[in-house]
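Architecture and fold: a report
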Amino acid sequence: MTMASRPPEHATGAAEPIVVLRDITKRFPGVVANDRVSLDIHPAEVHALLGENGAGKSTLISILSGMQRPDAGTVEIRGRTMRIASPRTALDLGIGTVYQHPTLVPTLSVLENLMLGASWRAPMNRAATRARLDEIAALLGIALPEDAPLGSLSLGQQQLVEIVKALWRGEKVLILDEATSMLTPQGVEDLGRVIERLRDAGIAVLFITHKLHEAVRFGDRVSVLRQGRKVGSLSPEALGRLAPQEAIDHIVDLMFGGTADRTGAERSRAHRARAPGERMVIEVDGLRPAGDPDAAGEAGVSFAVHEGEIFGIAGVDGNGQKQLAEALAGQRGTEAGRIVLDGAAIEGLSVRQRQHAGLRYVTDDRLGEGTVSAFPVGLNLLLKRIGDAPFWRHGIIRNAEVERHARALIAEHDVRVPGPGTPLGHLSGGNVQKALLARELDDQPMAVIYNKPTYGLDLNNIHRARRAICERADEGVATILISTDLDEILELADRIGVMLDGRMVGIVANDGDAARRVGELMIGVGARA
Amino acid sequence: MSQGLLSDAFLISLIAGAVAAGIPLLLAGLGEQVSEKAGVLNIGIEGMMLFGAYAGFATAFGTGSLWLGFLAGAAGGLVLALLMALFCVRLGLNQIVIGIALTLGADGITALLHHVQFSRTYPRLPRVETLDIPGLSEIPILGPSLFARHPMVYVALFSVLVLTWLFRKTHVGLNLQAAGDKPDALDAAGISVVSTRTWSVLFTGVMAGLGGAYMAMIGAGIFVPFMTGGAGFIAIVLAMLARGRPLWVLIGAFLFGASLSLTTALQVGGVNVPTDVVQMLPFLMVMIVLVLFARRASLPAALGLPYVRGQR
């Protein structure tokens, strides 16, 4: 049961790899999540796997941990080709995984959580469990309150329990999936020390992250995934040769390089009929959305959008974009700051009043807050105007008006639907988005906020939605485009703001070098440089 | 002090009545506690008690054996619990809807069976022989009311200890709690959530059946249609307020039992209070307890939610 073997004499990386992934390919309907990815994982080494959201990291982990099987390619463990058929097999092979979402019971104590999973007939052996816990805690150099309910621990400590659990049976490979995502800076420091100790104990650590500085800091070896492919890696020798800034530059190139060539600003301007005007339509000054104490910092978010301009907001998902959008739309309170629409302050107005003032919000939660699945399409197209004339008179719905309105919008936006009376829930994802766009762009919008407008759509509908966004901007609509797809922002936006940890860390013009600068800002490099 | 509120007769009658009325609540409450711990809100427990009451009474009446009656009562509860487990745990249907359906179904079926078997007569079982615990049963007041009872009373009290031990000291306890609080963690640990919950529901059925059988055979000595009269729902409340601790179910059960038996005790004590008022007491009690303590009820996070693997 011991974790015994000390690190081999040779320094990190020189040992034979313990796990070799060879040409792993995994397809899902419509996407290739992993495209011939090869990866070596060495004992006594931290291998950082870096990639944007949707780059294929999670799929690769789920293959290694036995949740999914690859369509092609092989997994070799200690030189032998293996089939990892289930999570149990992975554990038997010595691969422990700490998932992004917690897998512990908050109401049980630390010790009880570690005992969970034995047969119900087995006697409960607290002493042995405690001894094993102390053994692993000593290895990690940590102390845990063994009898406290798990839910009373900090998130960082809970994660340490997850790590202890993943190492319970003496696993030699530890996969950490976005392990820092819920941690405080102090928690990240502590985790860093634990990872170093694990490496020194001879364990192979696969550290998955989308944060560049963490990859460089924790990783002895760094591999970069992009759109399902491994686009490059830095061996320990190469990393050792480079100064930290050079390493970061090199990796930024791997992650975002070439993006600018494929979707330069020239091309995006090509399908814009006219340049943005001079008139300021929406001005946001020091806006701090309510709810998230750390988000938005003291200064808040400030930017302005001109008539006919597309202002892209880039950033890794969950950096405060949704909070910003909701605060602008009026669905979330603000703690400070001003929002000016066409010269008039609107931060005190309700959702409905902002709507009437000409501000529209196309939510990313299309089936949740965006629409009511059980309602017919025609009613969904009027969801934000319920009670308004001419569709309602004295509180009574006028079906003929509703239907006429629906038919016009369905034709204009090419929503594929049997008729206005069809429940919206029967529509495909692409058509739901068309209906949503039709509703928000109807009736003279002045400014529109799009939150991830093409997320989850197929290629055809993506183009359609992007074209609709451009056409409206050409008609003079001030556009705020929030997207986690950098290519989309580079293709459409005139200027690009980048959000990180709830702050707007920089605004750049979409010129030839934008991809690189935005990429740096997104992962927190540019702000410091 | 031969008369008045604190006479011996009044106290003996009150305590004895509290036990008689409390035991069914205790048995059912303990059963409900197990399934709630595992995440299944068993609203069908009222029906399970009624099934147990009818099966127990009919068997005891036919065979003359209370033990066979209890066996039949447990089996009666189990039959409904099997349906509950099938629909709510295996098939993941709505626990509240199925629970209500089972209760209403049991109401109708037992009333019909009783009518077919006994028409409009309500035959009585012979007086129950008690197990007098030597020594203890001689204590004044407490002796006859607590320690000269049918053995089932001691079984019910003993099961409080067994469940406490089970929850605290065994893997079964851990599994139950994980199934109710974070079923995906239990699944990830390699234990089937579905079978953990299935067993817990079946256990509830057996306990509720025993409780119902006790109510009919020993508490009342007769079977009357709809005789459980909300006892199952009180058991659900007890289990919710007990926050996973069997001892609290015991305390609650006897508190409610005492308020149920107050009518008889008051009459025995020579105090005349309209029975309608007194019969209201247990329900008033439920309301008062809920107002006072409901805020402190902490329910399992996944209570009432069907578990489907891979869905979060």
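Just so you know, the residues in each chain are numbered from 1, in the order the chain's sequence is written. Note on labels: chains are lettered from A, ligands numbered from 1, in written order. With the structure being a predicted model, the display of local features is reserved for residues of pLDDT at least 70 and the display and counting of side-chain atom pairs for 80 or more, all residues being used for whole-chain, interface and lining totals.

Moving on, we get to the overall build of chain A. Secondary structure elements are defined from DSSP: runs of H or I of at least 4 residues count as helices, runs of E of at least 2 residues count as strands, and each element is numbered from the N terminus. From N to C terminus, chain A includes 20 helices and 22 strands. Around each residue's C-beta, the other C-beta atoms within 10 Å are counted; 20 or more make the residue buried, 12 or fewer make it exposed, and counts in between make it partly exposed. All C-beta atoms are placed from the backbone. The burial tally for chain A puts 44% of its 529 residues in the buried class. Summarising the internal contacts of chain A: among those between residues at least 6 apart in sequence, 70% fall at separations of at least 24. Any pair of residues counts as being in contact when their C-beta atoms, constructed from backbone geometry, are within 7 Å of one another.

What follows is about the overall build of chain B. For chain B, the count of helices and strands is 12 helices and two strands. Each helix and strand of chain B, placed in order from N terminus to C terminus, yields the pattern α-α-α-α-β-α-β-α-α-α-α-α-α-α. Counting the 312 residues in chain B, one finds 50% classified as buried. Long-range pairs, those at least 24 residues apart, make up 78% of the contacts in chain B between residues at least 6 apart in sequence.

On to the interface of chain B and chain A. Every contact between the two is made by 17 residues of chain B and, on the other side, 15 residues of chain A. If you tally residues by element for the side of chain B that touches chain A, the top one is helix H7 (residues 171-181) of chain B, at seven residues. Charged residues are taken to be Asp, Glu, Lys and Arg, nonpolar residues to be Ala, Val, Leu, Ile, Met, Phe, Trp, Tyr, Cys and Pro, and polar residues to be all remaining types, Gly included. Tallied by class, the residues present in the side of chain B that touches chain A amount to eight nonpolar, five polar and four charged.

Turning to the nonpolar core, a few remarks are in order. Nonpolar cores are built from buried Ala, Val, Leu, Ile, Met, Phe, Trp, Tyr and Cys residues. These are joined into a set through C-beta atoms within 7 Å. By size, the foremost hydrophobic cluster in this structure holds 230 residues, and its most contacted members are A:Val205, A:Phe207, A:Leu481, A:Val518, B:Ala53 and B:Leu238. The residues touching B:Ala53, leaving out its near neighbours within four places in the chain, are B:Gly212, B:Ala213, B:Met215, B:Ala216, B:Phe223, B:Met227 and B:Thr228.

Attention shifts here to the sheet that holds strand S13 (residues 310-314) of chain A. Pairing between the strands of a sheet comes from backbone hydrogen bonds, and it takes one of two forms, parallel or antiparallel. All names here are of chain A. Strands are treated as partners if at least two bridges between them are detected by DSSP. Taken together, six strands build an open sheet; the order of strands is S16-S19-S20-S13-S21-S22 and the sheet is mixed. Single-partner strands in this sheet number two, and they are strand S16 (359-362) and strand S22 (503-509). Within the sheet, the average angular offset between the axes of one strand and its neighbour, ignoring direction, is 20°. In terms of strand pairing, strand S19 (residues 447-451) meets strand S20 (residues 478-482) through five bridges, oriented parallel. Only the stretch in contact is used when a helix axis is fitted, and all axes are lines through C-alpha atoms; the angle between N-to-C directions ranges over 0 to 180 degrees.

All names here are of chain B. At a minimum axis separation of 10 Å, helix H1 (residues 8-37) and helix H6 (residues 151-169) run at an interaxial angle of 35°. As for the relative orientation of H1 and H6, their crossing is left-handed in sense. Of the residues in H6, those in contact with Val-19, Ile-23, Leu-26, Leu-27 and Leu-30 of H1 are Val-153, Ala-156, Ser-159, Val-160 and Leu-163. Here the residues of the contact of H1 with H6 sort into nine nonpolar, one polar and no charged. For any helix crossing, the convention is left-handed if the near helix is rotated counterclockwise from the far helix by under a right angle, and right-handed if that rotation is clockwise.

Now for the sheet that holds strand S5 (residues 80-82) of chain A. Residue and element names in this part refer to chain A. Spatially, four strands are ordered S2-S1-S4-S5 in an open sheet, and the strand pairing comes out antiparallel. Of all the strands in the sheet, just strand S2 (31-41) and S5 have a single pairing partner and so form its edges. On average, each strand axis in the sheet is inclined to that of its neighbour by 30°, with strand direction left out of account. In the sheet, strand S1 (residues 19-28) pairs with S2 via seven bridges, with the strands oriented antiparallel.

The next thing to look at is helix H10 (residues 231-241) of chain B. All names here are of chain B. In terms of residue burial, H10 counts as a mostly covered element, since 10 of its 11 residues are buried. What H10 keeps buried is the set Ala-231, Gly-232, Ile-234, Ala-235, Ile-236, Val-237, Leu-238, Ala-239, Met-240 and Leu-241. At its buried positions, H10 is contacted by H1, helix H2 (45-63), helix H9 (193-220), helix H11 (246-268) and helix H12 (275-293). At the C-terminal side of H10, Arg-243 shows a positive phi close to 45°.

For the rest of this paragraph, the subject is the pairing of strand S10 (residues 229-234) of chain A. Residues and elements named next belong to chain A. One ladder, built from five bridges, connects strand S9 (residues 221-226) with S10; its direction is antiparallel. Bridging across to S10, Val-224 finds its partner in Gly-232. From the end of S9 to the start of S10, which pair antiparallel, there are two residues, and Gln-227 there has a positive phi angle of about 45°.

As a per-residue measure, pLDDT reflects the predictor's confidence and takes values from 0 up to 100. Within chain B, residue pLDDT values average 86, and 96% of them lie at 70 or more. Of the two predicted TM-score estimates for the complex, the pTM is 0.70 and the ipTM is 0.78.

With that out of the way, let us pick up the confidence of the model for chain A. Per-residue confidence for chain A gives a mean pLDDT of 83; residues scoring 70 or more make up 90%. The model gives residues 1-13 of chain A a pLDDT under 50, and that stretch makes 24 contacts with residues more than four places away or in other chains.

Residues and elements named next belong to chain B. Two numbers describe how H7 lies on H9: the axes approach to 10 Å, and their chain directions differ by 105°. On the basis of the axis angle, H7 is roughly perpendicular to H9. On H9, the residues that touch Asn-175, Leu-176 and Ala-179 of H7 are Val-193, Thr-196, Arg-197 and Ser-200. Taken together, the residues of the contact of H7 with H9 sort by class into three nonpolar, three polar and one charged. Convention used here: angles under 35 degrees read as roughly parallel, angles over 145 as roughly antiparallel, angles from 65 to 115 as roughly perpendicular, and any remaining angle as oblique.

With that out of the way, let us pick up unusual backbone geometry. Residue A:Pro390 is reached from A:Ala389 by a cis peptide bond, and omega for that bond is 0°. Positive phi values are uncommon outside glycine, yet A:Ala44 reaches one of about 55°.

Under the 1.5 Å per step criterion, the end-to-end length of H12(B) is 27 Å for 19 residues, consistent within 8% with the ideal 27 Å. What we call the bend at a residue is the angle made by axes fitted to the seven residues finishing there and the seven residues starting there. Along H12(B), the sharpest change in direction is near 35° and occurs at B:Pro282. For a helix, the expected span equals 1.5 Å multiplied by the residue count minus one.

Turning to the environment of A:Phe375, a few remarks are in order. Residues and elements named next belong to chain A. By the element assignment, Phe-375 lies in the loop between helix H14 (366-370) and helix H15 (377-380). Between the alpha carbons of Phe-375 and Thr-422 there is a distance of 8.0 Å; along the sequence they are 47 residues apart. Discounting chain neighbours no more than four positions away, the residues touching Phe-375 are Asn-380, Pro-423 and Leu-424.

Mapped onto the fold, B:Asp276 is located in helix H12. Sequence-wise, B:Asp276 and B:Thr263 are 13 residues apart; in three dimensions their C-alpha atoms are separated by 9.1 Å.

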